[in-house]
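Descriptive structure summary
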Amino acid sequence: HARGVRLTPAGESLLHHARSMLFSLDRMHHELAEYADGVRGHVRVHANISAIVQFLPEDLGTFIHSHGAIKIDLEEHLSSEVIRAVHEGAADLGICHTGAGDDLGGLHRQAYRQDHLALAMPRGHPLASRGPLAFAESLDWDHVGLHANSSIYRAMHAAAAAAGRGIRLRIRVTGLDAMCRMIDNGLGVVLMPLRAFELMQGTGTLTCVPLTDAWAQRRIDLVARDFNTLPMSARLLVEHLKAHGDTSEAGTPA
């Protein structure tokens, strides 16, 4: 057309399959080369920040201790990007937040962990002495938020919209440690996983108040195209993560 060209639906389908084939060829090349170097498997994992901060260091550490010949490549991405990477074949295994009704486009998921969102703030903040509270009670205060496409950012905006309110968002940052440093210096309150806060308590004089909202209890799932057709090294990792997770619920197509 007048401003260039664009793919037809057939072209989009061809592109999707071509990318998948190229990823498979690249993966085959690297895995076979690693077998020659003594590595006995290679798993590409994409995970969101909540899983990486809260659970994966310990779980992957114990896995590598038992399976030292398996190489794991771990990349941090937003949950939506994790799902896309698994779809396109860029990752063998995804670890991210999914809702019970989320459409994963045919991907399979298995339960891994759960986390609970809470509000972090300085110890002297007026909300600090309130005990567990609803997220709507924080909307009179400034907030520090994560990336606009993060699952936490979307959850807080959906909750504010349901309450007919807006969020006084003062600043957005890219990591949980940066969020804690911002609120430690008086820039507001933050919504973050409770376990992540507990692991980062060395950041300033902060406290954390759990939320009573039902949506604050979230699931972190393992996501794959088909768990039964994963390479053996990836299947070993999946079984290890399930054994160390909150539940061993069977995977189903989403």
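As a convention, each chain's residues are numbered from 1 in the sequence order in which they are written. Under the rules for a predicted model, residues below a pLDDT of 70 receive no local features and side-chain atom pairs below 80 are neither given nor counted, while totals for whole chains, interfaces and linings still include all residues. Excluded from the side-chain calculation are hydrogens and water; included are all heavy atoms of the structure.

Looking at the overall build of the chain
Note on conventions: DSSP H or I runs of at least 4 residues are helices, E runs of at least 2 residues are strands, and numbering of each starts at the N terminus. Helix and strand counts for the chain come out as eight helices and 10 strands. Here the C-alpha coordinates of the chain stretch approximately 60 × 60 × 30 Å along the principal axes. In this scheme, a residue with accessible area under 20% of its type's maximum is buried, one over 50% is exposed, and one in between is partly exposed, where area comes from a 1.4 Å probe on protein chains only. Across the 254 residues that make up the chain, the buried fraction comes to 43%. Contacts between residues were defined by any pair of non-hydrogen atoms, one from each residue, lying within 4.5 Å. Taking the contacts inside the chain whose residues are at least 6 apart along the sequence as the reference set, 78% of them involve residues at least 24 apart. Per-residue and other accessible areas were derived by the Shrake-Rupley procedure at a 1.4 Å probe size, with only the shown protein chains allowed to occlude residues. Split by element, the accessible area of the chain, about 12,800 Å² in all, is 54% carbon and sulfur.

Quick notes on the environment of Asp 142
With respect to the element layout, Asp 142 can be found in strand E5 (residues 142–145). We classify Asp 142 as partly exposed; its relative accessible area is 23%. It is 45 Å that separates the C-alpha atoms of Asp 142 and Gly 4, two residues lying 138 residues apart in sequence. Ignoring any residue separated from it by four or fewer positions in sequence, one finds Asp 142 in contact with Arg 168, Arg 170, Leu 187, Gly 188 and Val 189. Among the polar contacts made by the side chain of Asp 142, one reaches the side chain of Arg 170 at a distance of 3.2 Å. Polar contacts, as counted here, are pairs of nitrogen or oxygen atoms within 3.5 Å of one another; within protein the pair requires one atom able to donate a hydrogen and one able to accept it, and residues that are adjacent in sequence qualify only if both atoms are side-chain atoms.

Digging into the pattern of salt bridges
Salt bridges, as used here, are contacts in which a Lys or Arg side-chain nitrogen is within 4 Å of a carboxyl oxygen on Asp or Glu. Counted by the stated rule, this structure contains 10 salt bridges. Taking the shortest distance from any N to any O, the salt bridge between Arg 130 and Glu 137 comes out at 2.2 Å. Residue Arg 130 is classed as partly exposed on the basis of its relative accessible area of 46%. Of the charged contacts in the structure, one is a salt bridge between Asp 140 and Arg 165, with a shortest N-O distance of 2.7 Å. Of the two residues, Asp 140 is situated in the loop between strand E4 (108–122) and E5 and Arg 165 in the loop between helix H5 (151–162) and strand E6 (168–172); the sequence distance between them amounts to 25 residues. Under the relative-accessibility criterion, Asp 140 is labelled partly exposed at 46%. If you follow the salt bridges from partner to partner, you end up with Asp 142, Arg 168 and Arg 170 in one network.

Concerning the side chain of His 240
Locating His 240 in the fold gives a position in helix H8 (residues 232–244). Those residues within four positions of His 240 in sequence are excluded, and the remaining contacts are Asp 59, Thr 62 and Phe 63.

Some remarks on helix H4 (residues 79–88)
Structurally, the α-helix is built with 3.6 residues per turn, so residues lying three or four positions apart point the same way. Within H4 the residues assigned to the buried category are Ser 79, Val 82, Ile 83, Ala 85 and Val 86. Angular distribution of buried residues about the axis of H4 spans 160°; they occupy a single face of the element. Packed against the buried residues of H4 are strand E1 (42–47), strand E3 (93–97), H5 and strand E9 (217–224). Two residues or fewer past H4, Gly 89 is found with a positive phi of approximately 90°. Note: the arc covers the axis-to-C-beta directions of the helix.

What about H5?
How far a helix is expected to stretch is found by multiplying one less than its residue total by 1.5 Å. When the terminal C-alpha atoms of H5 are compared, their 16 Å separation across 12 residues agrees well with the 16 Å that a helix rising 1.5 Å per residue should span. Ser 151, Ile 152, Tyr 153, Ala 155, Met 156, Ala 159 and Ala 160 are the residues of H5 that are buried. Looking at the residues trailing H5, positive phi occurs at Gly 164, about 70°.

Observations concerning a nonpolar patch on the surface
A cluster of nonpolar side chains, Leu 22, Leu 25, Met 28 and Leu 32, forms an exposed patch at the surface whose accessible area comes to about 430 Å². Of note, Leu 22 is situated in helix H1 (residues 9–36). Under the relative-accessibility criterion, Leu 22 is labelled exposed at 58%. Residues enter patches when they are more than 30% accessible in relative terms and free of salt bridges; like-charged ones are connected within 9 Å and nonpolar ones (Val, Leu, Ile, Met, Phe, Trp, Tyr) within 5 Å.

Brief notes about the confidence of the model for the chain
Looking at the chain, pLDDT values average 87 and 91% of them are 70 or higher. Per-element mean pLDDT across the chain ranges from 40 in strand E10 (residues 252–253) up to 95 in E3. Of the regions scoring below 50 in pLDDT, residues 247–254 engages in 23 contacts with residues more than four places distant in sequence or in other chains. For every residue, the pLDDT score states the predictor's confidence, bounded by 0 at the bottom and 100 at the top.

A few points about the packing of aromatic side chains
Here a pair means two rings of Phe, Tyr or Trp (six-membered ring of Trp) with centres within 6.5 Å. Their orientation is stacked below 30 degrees between planes, edge-to-face above 60, and tilted elsewhere. Within the structure shown, the criterion is met by two aromatic pairs. Arranged with centres 6.3 Å apart and planes meeting at 80°, the rings of Phe 55 and Tyr 112 form a pair that is edge-to-face. Placement of the pair is Phe 55 in the loop between helix H2 (49–54) and helix H3 (56–66) and Tyr 112 in strand E4, with a sequence separation of 57 residues.

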